[in-house]
Amino acid sequence: MAIHPHPQARKADPVPETDGPWRDPSLTPEVRVADLITRMTLEEKAAQLYGIWVGADAEGDGVAPHQNDMVDPVDFEELTTRGLGQLTRPFGTAPVDPGVGAVALARAQARITEAGRFGIPALAHEECLAGFTAWGATAYPVPLAWGAAWDPELVEEMARLIGADMRSVGVHQGLAPVLDVVRDLRWGRVEETIGEDPYLVATIGSAYVRGLESAGIVATLKHFAGYSASAGARNLAPVRAGGREMADVILPPFEMALREGGARSVMHSYAEIDGVPTAADPTLLTELLRDTWGFGGTVVADYFGIGFLETLHRVATGRADAARLALTAGVDVELPTVRSYGDELIAAVREGAVAEELVDRALRRVLLQKCELGLLDPQRPVLPAALDGVDPDRARGTVDLDPPRNRALARILAERSCVLLANPGDVLPLGGTGRIAVVGPRADDPLAMLGCYSFPSHVGVLHPEMPMGIAVPTVLESLREEFPDAGIDFAEGCDVDGADTAGIEQAVELAAGADVCVAVLGDRAGLFGRGTSGEGCDAADLSLPGIQAELLDALLDTGTPVVLVLLTGRTYALGGRADRLAGCVQAFFPGEEGGPALAGVLSGRVNPSGRLPIGVPNGPGGQPWTYLQPPLGRVNGVSNLDPTPLHAFGHGLSYTSFEWEAGAPVPAELPTDGATDLELTVRNSGERDGAEVVQLYVHDPVAQTTRPESRLIGYARVPLAAGETRRVRFRFHADLVSFTGTGGRRIVEPGDIELRFAASSDHADIRHTVRLRLTGPERTVDHRRRLVCTTSHEPVVPEN
């Protein structure tokens, strides 16, 4: 659709005065911002609505989709005379010493404030998906590992540390967390997600938001919305999800992260849903997000997403038209650099093709956020906190973004996220003596621990001349440290995704002469086809990459017990081999402390407590499939294909055993607006300390729309010393079983339901069932419904 200028094109206004009430911190932000907007020229207004990516280069491989095509050269000195909205990734574009980076950012901010009439700094943003994406910063486990830990409190603490590190060097906004719910395991960005269940994603993601925001960093929810439901699991592919899938699966994590987490920013997704790109969808970005949910923060563009309206989606005739569509929909800030919101937008406003009210609407939101951050105050710190007392010219080596407290927490999260999938012969934990053959392409590579958005994998690989910046022990190094009395030999066997079989013979020979073989297989994280997992690295099927399955088969044929360790960004099909393994441990890119964590699990120093956030498929086909299936989506007699996973969502084993007992009875009936406490006791009946994850699912036998066989509505991670018993309490409210009915409204429907306490989503893992009848009228609920099933647990004192 073309844009048409207003018959009476607008001329440039005279330049107004700068001084006024907006400089007074004692006034409310609304009053200050309203005054400031009246004093800004159109050029100054537009300048607050875009960022500049000074480090972006149109040459090379890039770290964003179509970066080479979309980056235009900019004149920093000229452009900043108008002011500037954002600085894009001052630390996450190239390796830079954190102290030097902090000085460079402070000096860039000084130039921006000196150049513009109002002296307003830019808002600096960074990626922080698996830690602050900066050289030398702690590389934490990826979000899929957060989901595997089932530990919101620990994730919140991690986010608080990440935020504190970012804030200390002058960063204001973090582009995380990813709240996309996995819909197809072949999608390359599965590693960036928290899992396949909206309640797990929502609770863990909201915890991350709380931690980041508590440190003063603006958390940015992404990707809003539907990105992970792309057709064929292809990156940036069209989304054909229906209204109920959007309402019941895709949107709830965003609802919770805004309401329970307090996120102050949202990033639109690259998706087009039923033919409408989200960057041009006012129904999603304004009517739902703002008018219904009441969101008052900023909506920022995913990198080049506004330009994609013109180049990929082809719904805009040019840059100005793309700006019109995005502003109308509710996109406030163009990232990563100016393309559509600059001179093209200014000209379109002056020609009457774009209403200035749209510019003012976005500007108000941007300036309110800057006011909240103190960027409009006259008395602002000149240097970031990390440089307090440090001579800026001698800042190199003075800022530590990977201190011991960070590494300690990274270790705990890595340990809690390791999932023991199988241990059929009790081979694990290993004894630590004899000969151990360590085989596989992931065993002795530090990058095997790191996801696509960890700095060494995301940016560092483009700068091979630079050291990694952090210590990342490999599995091989960690096993040698863990088992000093064992004879440990290593053979790579094959590449991650190569076809060369020459190394398999040596690996087989090594394994045949060992007491046990530890096969370390998996993914290499990368970008846009440069890896087997990560953004733009989608999988054709769920076979292990390359010839790793061939290597594993050869190792199993030796007769030596084989323990499989998987370092991946998704799960892969293990059917046909699982019953031949002596043990299997799954880790999802566990971060810089992942090697010692895995060694601890294999030795028994760590009792594994991770649970699967996504299922493990049996065969490489049968996708897309997640556990949230109605009857027709499960194995049945109308298809010869069985999609049942080998290991279900929520599955995970321990080196100890747990016994569950039902608690106090509950009423047989509950009103559709009622609540009740559900209780059970869990006892560690083994000889090792451990942790059980008690999961609560709802099963709705008959409903007005088809419902999943079971759906997670609550969980509790319960640590238990050997022999200890704890009483676990869940506060159940009928809102938790709401769904989208035939009329398109979210309802709580009267009728029978089953509440299932289970160790996983597999029916065989149900430990206790509570049957309830919901009584009374059908209730309509909305985003203000109860979103969280609160839990608690306390020790049970044995009676004398």
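Residues numbered from 1 in each chain as written. Predicted model: local features only at pLDDT ≥ 70, side-chain atom pairs only at ≥ 80, totals over all residues. Heavy atoms only, no water.

Draft legend 1. Looking closely at the overall build of the chain. The helix and strand tally for the chain stands at 21 helices and 27 strands. What you see for the chain is a C-alpha radius of gyration of 27 Å, in line with the 28 Å of a compact globule of 800 residues. Dimensions along the principal axes, computed over C-alpha positions, put the chain at roughly 80 × 70 × 55 Å. When the 800 residues of the chain are sorted by exposure, 62% land in the buried category. Considering only contacts within the chain whose residues lie at least 6 apart along the sequence, 79% involve residues at least 24 apart. Split by element, the accessible area of the chain, about 28500 Å² in all, is 49% carbon and sulfur. (Helix = DSSP H or I, 4+ residues; strand = E, 2+ residues; numbered from the N terminus. Rg over C-alpha atoms; globule rule 2.2 N^0.38 Å. Buried < 20%, exposed > 50% of the residue type's maximum accessible area, 1.4 Å probe, protein only. Contact = heavy atoms within 4.5 Å. Areas by Shrake-Rupley, 256 points an atom, 1.4 Å probe, with all protein chains shown as cover.)

Draft legend 2. Main features of the sheet that holds strand S2 (residues 86–88). Pairing is parallel in the open sheet, where 7 strands are placed in the order S1-S2-S3-S4-S5-S6-S9. At either margin of the open sheet sits one strand with a lone partner, and together these are strand S1 (51–52) and strand S9 (298–300). Bridging between S1 and S2 involves 2 bridges; their strand directions are parallel. In the strand pairing of S2, Ile-52 is matched with Leu-87. Packed onto the sheet, helix H11 (residues 282–292) meets strand S5 (218–224), strand S6 (265–268) and S9 and runs at close to 130° relative to S5. (Pairing = 2+ DSSP bridges. Axes fitted to C-alpha atoms, helices over the stretch in contact; angles between N-to-C directions.)

Draft legend 3. Structural view of the packing of aromatic side chains. This structure, assessed with the given rule, holds 15 aromatic pairs. With a centroid separation of 5.0 Å and 70° between ring planes, the pair formed by Phe-224 and Phe-254 is classed as edge-to-face. Here the residue Phe-224 occupies a position in strand S5, and Phe-254 occupies one in helix H10 (residues 252–261), the gap between them amounting to 30 residues. Judged by its relative accessible area of 1%, Phe-224 is buried. (Phe/Tyr/Trp six-rings, centres within 6.5 Å; stacked < 30°, edge-to-face > 60°.)

Draft legend 4. A look at the sheet that holds strand S13 (residues 516–522). In space, the 6 strands of this open sheet follow the order S10-S15-S14-S13-S11-S12, with mixed pairing throughout. The open sheet is flanked by strand S10 (419–422) and strand S12 (487–491), the only strands paired with a single partner. This sheet shows a mean twist of 20° between the axes of neighbouring strands, independent of strand direction. As paired elements, strand S14 (residues 562–568) and strand S15 (residues 583–588) share 6 bridges and run parallel to each other. Bridge assignment links Leu-566 to a residue of S15, and that residue is Gln-586.

Draft legend 5. Region of the structure containing the pairing of S14. In terms of residue burial, S14 counts as a mostly covered element, since 7 of its 7 residues are buried. Burial of S14 is two-sided: the residues Val-562, Leu-564, Leu-566 and Thr-568 facing one way and the residues Val-563, Val-565 and Leu-567 facing the other way are all buried. The pairing of S13 with S14 spans 6 bridges and is classified as parallel. Each bridged residue has a counterpart across the sheet, and for Leu-521 the counterpart in S14 is Leu-566. Tracing the backbone out of S13, into helix H20 (residues 548–556) and back to the parallel element S14 gives a crossover that is right-handed. (Right-handed = clockwise from strand over helix to strand, strands pointing away.)

Draft legend 6. How the structure looks around helix H16 (residues 404–417). Under the 1.5 Å per step criterion, the end-to-end length of H16 is 20 Å for 14 residues, consistent within 8% with the ideal 20 Å. Contacts from the buried residues of H16 go to helix H6 (143–149), helix H7 (152–168), S10, S15 and helix H21 (594–603). (Expected span 1.5 Å × (residues − 1).)

Draft legend 7. Fine view of a negative patch on the surface. Taken together, the side chains of Asp-444, Glu-477, Glu-492, Asp-495 and Asp-500 make up a negatively charged region of the molecular surface. When you line up the elements, Glu-477 lands in helix H18 (residues 475–482). Here Glu-477 falls in the partly exposed class, since its relative accessible area comes to 43%. (Patch = residues over 30% accessible without salt bridge, like charges linked within 9 Å, V, L, I, M, F, W, Y side chains within 5 Å. Salt bridge = Lys/Arg side-chain N within 4 Å of Asp/Glu carboxyl O. Lys, Arg positive; Asp, Glu negative; His and termini not counted. Charge placed at Lys NZ, Arg CZ, Asp CG, Glu CD.)

Draft legend 8. Spatial organisation of the pattern of salt bridges. If you walk through the whole model with that rule in mind, you get 55 salt bridges. Between Asp-377 and Arg-32 there is a salt bridge, with the nearest N and O atoms lying 3.0 Å from each other. In this pair, Asp-377 is assigned in the loop between helix H15 (356–372) and H16 and Arg-32 in helix H1 (residues 29–38), connecting sequence segments 345 residues apart. Here Arg-32 falls in the buried class, since its relative accessible area comes to 2%. Across the pair Arg-411 and Glu-593 runs a salt bridge whose closest N-O atoms are separated by 2.5 Å. Taken together, the residues span a long stretch of sequence, with Arg-411 in helix H16 and Glu-593 in the loop between S15 and H21 at a distance of 182 residues. The structure contains a network of salt bridges with shared partners spanning Asp-402, Arg-407, Arg-411, Glu-592 and Glu-593.

Draft legend 9. Structural context of the environment of Thr-775. Checked against the element boundaries, Thr-775 lands in strand S25 (residues 766–775). Thr-775 gets classed as partly exposed once you look at its relative accessible area, which sits at 24%. Beyond its immediate stretch of four places on either side in the chain, Thr-775 contacts Glu-669, Leu-670, Pro-671 and Thr-672.

Draft legend 10. Region of interest: the packing of helix H13 (residues 319–329) against helix H14 (residues 343–350). Look at H13 against H14: their axes get within 8 Å of each other, and the N-to-C directions meet at 80°. On the basis of their axis angle, the class for H13 and H14 is roughly perpendicular. Counting all contacts with H13, which are made through Arg-319, Ala-320, Ala-323 and Leu-327, the residues of H14 involved are Glu-344, Leu-345 and Ala-348. Its residues assigned to classes, the contact of H13 with H14 shows 5 nonpolar, no polar and 2 charged. (Parallel < 35°, antiparallel > 145°, perpendicular 65-115°, else oblique. Nonpolar A, V, L, I, M, F, W, Y, C, P; charged D, E, K, R; others polar.)

Draft legend 11. Representation of the nonpolar core. Ranked by internal contacts, the top residues of the largest apolar core, which has 220 residues, are Phe-132, Tyr-208, Phe-224, Tyr-341, Phe-730, Phe-732 and Leu-755. Residues in contact with Leu-755, not counting those within four places in the same chain, are Leu-678, Leu-696, Tyr-697, Val-698, Ile-713, Phe-732, His-768, Thr-769, Val-770 and Leu-772. (Core = buried A, V, L, I, M, F, W, Y, C linked by side-chain atoms within 4.5 Å.)

Draft legend 12. A look at the side chain of Thr-681. Among the structural elements, Thr-681 can be located in strand S18 (residues 675–684). On the basis of relative accessibility, which here comes to 16%, the residue Thr-681 falls in the buried class.

Draft legend 13. Broad picture of H10. Counting buried positions along H10 gives 8 out of 10 residues, so the element sits mostly inside the fold. Of all the residues in H10, the buried ones are Pro-252, Pro-253, Phe-254, Glu-255, Met-256, Ala-257, Leu-258 and Gly-261. Against the buried residues of H10 lie helix H8 (198–214), S5, helix H9 (243–250), S6, H11 and strand S23 (746–748). Backbone geometry just after H10 places Gly-262 at a positive phi near 80°.

Draft legend 14. View of the environment of Pro-596. Structurally, Pro-596 can be placed in helix H21. In sequence terms Pro-596 and Glu-482 are 114 residues apart; their C-alpha atoms lie 7.8 Å from each other. The residues contacting Pro-596, other than those within four sequence positions of it, are Arg-411, Pro-473, Ser-478 and Arg-605.

Draft legend 15. Molecular detail of unusual backbone geometry. In this structure, the amide linkage connecting Lys-222 to the following residue, His-223, adopts the cis form with an omega of 5°. For His-223, the location among the structural elements is in strand S5. Positive phi, normally seen in glycine, also occurs at Arg-314, with a value near 60°. With respect to the helices, strands and loops of the structure, Arg-314 is situated in the loop between helix H12 (305–311) and H13. Positive phi outside glycine occurs at Phe-528, with the angle close to 50°. Its location among the elements puts Phe-528 in the loop between S13 and H20.

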